[in-house]
Amino acid sequence: MSRIGILTFHRSLNYGAVMQCYSLQQRLEREFPNDSVEIVDYCVPRVQNKYSTRALTYIFSSLPELRRVGAATVAKATVKNTLTVLHSPDFLKKRRRMRAAFDRVLEHMQLSAEHIYTDDCAAASRWLQGRYDALVVGSDCVWEINNYPFPNLYFLHDVTGVKKLSYAACAQGVLYDSLSEKQRAFMREAWRGFDYLGVRDLATEKLLHAVDGELGVHQNCDPTVFLEVDALPVDMEVLRDKFAAAGVDFSRPTVCLMANPAIGKLCRAALGDAFQIVAVYEQNPYADCFVCDLTPFEWARCFSLFDLTVTNRFHGTLLSMKNGVPPITYDCSTSADYSYGGMTKIRCLYEQLGLVSEHYRVAKRGFTAEDAQELRAAAATVRTADCAEKLTERLQTLAASYDSFAAALRDALGRTEA
């Protein structure tokens, strides 16, 4: 029996991060039934503090970034967090309810017996040494260093004696020109130590090749593409009742809103007269209702209750598709300093699916009446009878990008069976 560890984000208060982790673990457990597959219970305090349910910890969660981003940026974030707590008296209460909902899902995931909670990469590497035969880094933005301390464990730079693979890894917002030569050298050395490099998007592939043109890089789909949503342990009647208790009237057409206030305002102007607007994950002032205490499993299935999704979220887009509900996605990450030529992870996903013109939009700071009219027309266009079937077919085709990783993992473990 081999020991396979998955190193990713599993304790974030982020629905997509949890579900991609769960999906990958489920897939590996099915394909490697005689091996031990577990999630490495590793967290970085600098990031986890941003999800804190304690007022002071949350308010001052940006302080560790002072040296990197400067006093002005940290002060702005601290003021913003303070106003959030003061102006929304129920903010922390709702966050505690969300934390409890997320923790219930962790009971369905196989975590390592020991937990490591540190910003110290060297200490984390020593802790990880010798625990696994193969380590799988990813999916999600594991190589993003704008928020995470650098260096960090996700590069596996100092972990030896183990097969290293990445699956659908992403380095969102990290541009080659922004890296110091020391950072480039660290990444180059780390990535050369991997037995398989799988990335989720074109921008990350370009970054790896810019760091080292000799690296062999594969593109993989996000694990939620092959998530079996119908098999999730969710009572759909109970879920429907939860939404009804929050004020959702299912006799009316409904749109799921997972987006910022600017997109919420656009959604209200475009669809508010025809749809009931229901916000999930984060409150939106332009929504009719808000449901804050969904478990990640419930969130992954709740899209099936709606007629349409309007979002700026990558996983919100994917899980809406998985439930056969058409999304319209506004990409907020297309600025020149954030992506390679506008090829963000969301844009790349829609390019791979061949659905850019129907479902993809670039977000703006200020939307106009013409933008509202365009959203209204797009909503009518995507809500066609064959939309669910088309989405399913495109996702099934994309899911085949997992196969090269599975073959590499079998080879790394010395297996010959398919």
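Structural data are supplied above this passage.
Before going into details, it helps to say that this report is about the structure given with it.

Conventions adopted
Residues numbered from 1 in each chain as written. Predicted model: local features only at pLDDT ≥ 70, side-chain atom pairs only at ≥ 80, totals over all residues. Heavy atoms only, no water. Helix = DSSP H or I, 4+ residues; strand = E, 2+ residues; numbered from the N terminus. Rg over C-alpha atoms; globule rule 2.2 N^0.38 Å. Buried < 20%, exposed > 50% of the residue type's maximum accessible area, 1.4 Å probe, protein only. Contact = heavy atoms within 4.5 Å. Axes fitted to C-alpha atoms, helices over the stretch in contact; angles between N-to-C directions. Parallel < 35°, antiparallel > 145°, perpendicular 65-115°, else oblique. Left-handed = near helix turned anticlockwise from the far one by under 90°. Nonpolar A, V, L, I, M, F, W, Y, C, P; charged D, E, K, R; others polar. Phe/Tyr/Trp six-rings, centres within 6.5 Å; stacked < 30°, edge-to-face > 60°. Lys NZ or Arg CZ within 6 Å of the ring centre and 35° of its normal. Salt bridge = Lys/Arg side-chain N within 4 Å of Asp/Glu carboxyl O. Core = buried A, V, L, I, M, F, W, Y, C linked by side-chain atoms within 4.5 Å. Pairing = 2+ DSSP bridges.

1. What about the overall build of the protein?
Thinking step 1. Broken down by element type, the protein carries 18 helices and 13 strands.
Thinking step 2. For a compact globule of 418 residues, the expected C-alpha radius of gyration is about 22 Å, and the protein comes in at 21 Å, within 12% of that figure.
Thinking step 3. Along the longest, intermediate and shortest principal axes, the C-alpha atoms of the protein span 60 × 50 × 40 Å.
Thinking step 4. By residue count, 56% of the 418 residues in the protein fall in the buried class.
Thinking step 5. Taking as baseline every contact in the protein between residues at least 6 positions apart, the subset at least 24 positions apart corresponds to 73%.

2. Overview of the packing of helix α11 (residues 261–271) against helix α16 (residues 369–382)
Thinking step 1. Interhelical geometry of α11 versus α16 gives an angle of 70° and a closest axis separation of 8 Å. For the element pair α11 / α16, the angle class is roughly perpendicular. Between α11 and α16 lies a crossing of right-handed hand. Contact residues: L266, C267, A269, A270 and L271 in α11; D371, A372, L375, R376 and A379 in α16.
Thinking step 2. Here the contact of α11 with α16 is composed, by residue class, of eight nonpolar, no polar and two charged.

3. Re the side chain of R27
Thinking step 1. Its location among the elements puts R27 in helix α1 (residues 15–31).
Thinking step 2. Other than its neighbours up to four places away in sequence, R27 contacts F226 and Y402.

4. What to know about the packing of aromatic side chains
Thinking step 1. Across all of its chains, the model carries 26 aromatic pairs by this definition.
Thinking step 2. Relative to Y148, the ring of F9 lies with its centre 5.1 Å away and its plane at 25°, an arrangement referred to as stacked. Placement of the pair is F9 in the loop between β1 (3–7) and α1 and Y148 in the loop between β4 (134–137) and β5 (163–169), with a sequence separation of 139 residues. For the pair formed by F9 and Y148, the shared burial category is buried.
Thinking step 3. Each residue in the set W143, F150, F155, F186, W191 and F194 is aromatic and connected to the rest through ring pairs, giving one cluster.
Thinking step 4. Above the face of the F226 ring, R27 is positioned so that its terminal group lies 4.6 Å from the ring centre.
Thinking step 5. Sitting over the face of the ring of Y176, R184 holds its NZ or CZ atom 3.9 Å from the ring centroid.

5. Concerning the environment of Y42
Thinking step 1. Within the element layout of this structure, Y42 appears in strand β2 (residues 36–43).
Thinking step 2. A sequence separation of 151 residues divides Y42 from G193, and the C-alpha atoms of the two residues are 21 Å apart.
Thinking step 3. Look past the residues within four positions of Y42 in its chain and what remains in contact with it is L7, H10, I116, T118, A124, N152, L153 and Y154.

6. With respect to the pattern of salt bridges
Thinking step 1. The tally for this structure, following the rule as stated, stands at 22 salt bridges.
Thinking step 2. For the salt bridge of K94 with D90, the shortest nitrogen-to-oxygen distance reads 3.1 Å.
Thinking step 3. Its relative accessible area of 31% is what places D90 among the partly exposed residues.
Thinking step 4. Here K242 and E298 are joined by a salt bridge, their closest N and O atoms 2.9 Å apart.

7. Quick word on the packing of helix α8 (residues 181–192) against helix α9 (residues 202–211)
If you want to describe how two helices pack, look at the angle between their axes and the distance between the axes.
Thinking step 1. It is the contact of α8 with α9, at a shortest axis distance of 9 Å, that shows an interaxial angle of 100°. Classed by the angle they form, the pair α8 and α9 counts as roughly perpendicular. Between α8 and α9, the contacting residues are R184, M187, R188 and W191 on the first element and L207, L208 and V211 on the second.

8. What about the nonpolar core?
Thinking step 1. With 73 residues, the main nonpolar core has L28, F243 and W299 as its most contacted residues.
Thinking step 2. Among the elements that make up this core, the one with the highest residue count is α1 (seven residues).
Thinking step 3. With 42 residues, the next largest nonpolar core counts V40, V44, C141 and L179 among its residues.

9. Side note on the sheet that holds β5
Thinking step 1. In space, the seven strands of this open sheet follow the order β3-β2-β1-β4-β5-β6-β7, with parallel pairing throughout. In this open sheet, the two strands that pair with only one neighbour each are β3 (111–117) and β7 (217–219). Strand after strand, the sheet turns through a mean of 25° between neighbouring axes, direction not considered.
Thinking step 2. As paired strands, strand β6 (residues 196–199) and β7 are joined by three bridges and run parallel to one another.

10. Some remarks on the environment of R240
Thinking step 1. Relative to the assigned elements, R240 resides in helix α10 (residues 236–245).
Thinking step 2. Taking the C-alpha atoms as reference points, R240 and D119, separated by 121 residues in sequence, lie 41 Å from one another.
Thinking step 3. Setting aside residues up to four positions removed in sequence, R240 forms contacts with F250 and L305.

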